[in-house]
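Geometric and topological summary
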Amino acid sequence: MSGHHSWDEYVEEAAHEPFVLDYREDGEIRSITINQPTSIQMMRVAQGLRSADPEAIMIGLCGDAWEQIYDLLAKPGVGMQAMLRLEKDLLAWFDLNDEVEMMGPGGGKRRVK
């Protein structure tokens, strides 16, 4: 194994397809494309997770699409669960969920994301 690495290799290995969210507005189907979070966006997500700040998490995950997502979340009748489910789906889509070991009351262990 060589000590020589290419930045392009890192970028290529980390690449991920965007998340596309379809929604209906004025009778038309529209889409919001959420690109893979950048390293800087992930710093914001990490800060949001540490401080339990859902807005910081969503801004970090959505990047340039945040304003469009914000507008959807601000619509009357859209409950908090819609944002929490979207957050969960984005974390899963971009493979950002950490694997953890859970222990049941009987002592059994299981690894989950």
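We now turn to the structure provided with this report. (Residues numbered from 1 in each chain as written. Predicted model: local features only at pLDDT ≥ 70, side-chain atom pairs only at ≥ 80, totals over all residues. Heavy atoms only, no water.)

1. Here's the deal with the environment of Val20
For Val20, the location among the structural elements is in strand S1 (residues 19-25). Residues Val20 and Asn35, spaced 15 residues apart in sequence, show a C-alpha to C-alpha distance of 8.5 Å. When near neighbours in sequence (up to four residues on either side) are disregarded, Val20 contacts Ser31, Ile32 and Thr33. (Helix = DSSP H or I, 4+ residues; strand = E, 2+ residues; numbered from the N terminus. Contact = heavy atoms within 4.5 Å.)

2. Focus on a negative patch on the surface
On the surface, a cluster of negative charge is contributed by Asp8, Glu9, Glu12 and Glu13. Topologically, Glu9 is positioned in helix H1 (residues 7-14). (Patch = residues over 30% accessible without salt bridge, like charges linked within 9 Å, V, L, I, M, F, W, Y side chains within 5 Å. Areas by Shrake-Rupley, 256 points an atom, 1.4 Å probe, with all protein chains shown as cover. Salt bridge = Lys/Arg side-chain N within 4 Å of Asp/Glu carboxyl O. Lys, Arg positive; Asp, Glu negative; His and termini not counted. Charge placed at Lys NZ, Arg CZ, Asp CG, Glu CD.)

3. A few points about the packing of helix H3 (residues 54-62) against helix H5 (residues 80-93)
Interhelical geometry of H3 versus H5 gives an angle of 45° and a closest axis separation of 11 Å. Between H3 and H5, the crossing angle belongs to the class labelled oblique. Considering the relative orientation of H3 and H5, their crossing is left-handed. Across the interface between the two elements, Pro54, Ile57, Met58, Leu61 and Cys62 of H3 pack against Met80, Met83, Leu86, Glu87, Leu90 and Leu91 of H5. Class assignment for the residues of the contact of H3 with H5 results in ten nonpolar, no polar and one charged. (Axes fitted to C-alpha atoms, helices over the stretch in contact; angles between N-to-C directions. Parallel < 35°, antiparallel > 145°, perpendicular 65-115°, else oblique. Left-handed = near helix turned anticlockwise from the far one by under 90°. Nonpolar A, V, L, I, M, F, W, Y, C, P; charged D, E, K, R; others polar.)

4. Description of the pattern of salt bridges
Applying the stated criterion across every chain yields a total of two salt bridges. For Glu25, the salt bridge goes to Arg30, with nearest N and O atoms at 3.2 Å. For the salt bridge of Lys75 with Glu25, the shortest nitrogen-to-oxygen distance reads 3.5 Å. In this pair, Lys75 sits in the loop between helix H4 (66-73) and H5 while Glu25 sits in strand S1, placing the two residues 50 residues apart along the sequence. On the basis of relative accessible area, Lys75 is assigned to the partly exposed category, the value being 36%. Salt bridges sharing partners connect three or more residues here, namely Glu25, Arg30 and Lys75. (Buried < 20%, exposed > 50% of the residue type's maximum accessible area, 1.4 Å probe, protein only.)

5. A closer look at a nonpolar patch on the surface
A surface patch of nonpolar side chains, about 380 Å² in accessible area, is lined by Trp7, Tyr10 and Val11. Considering the arrangement of structural elements, one finds Val11 in helix H1.

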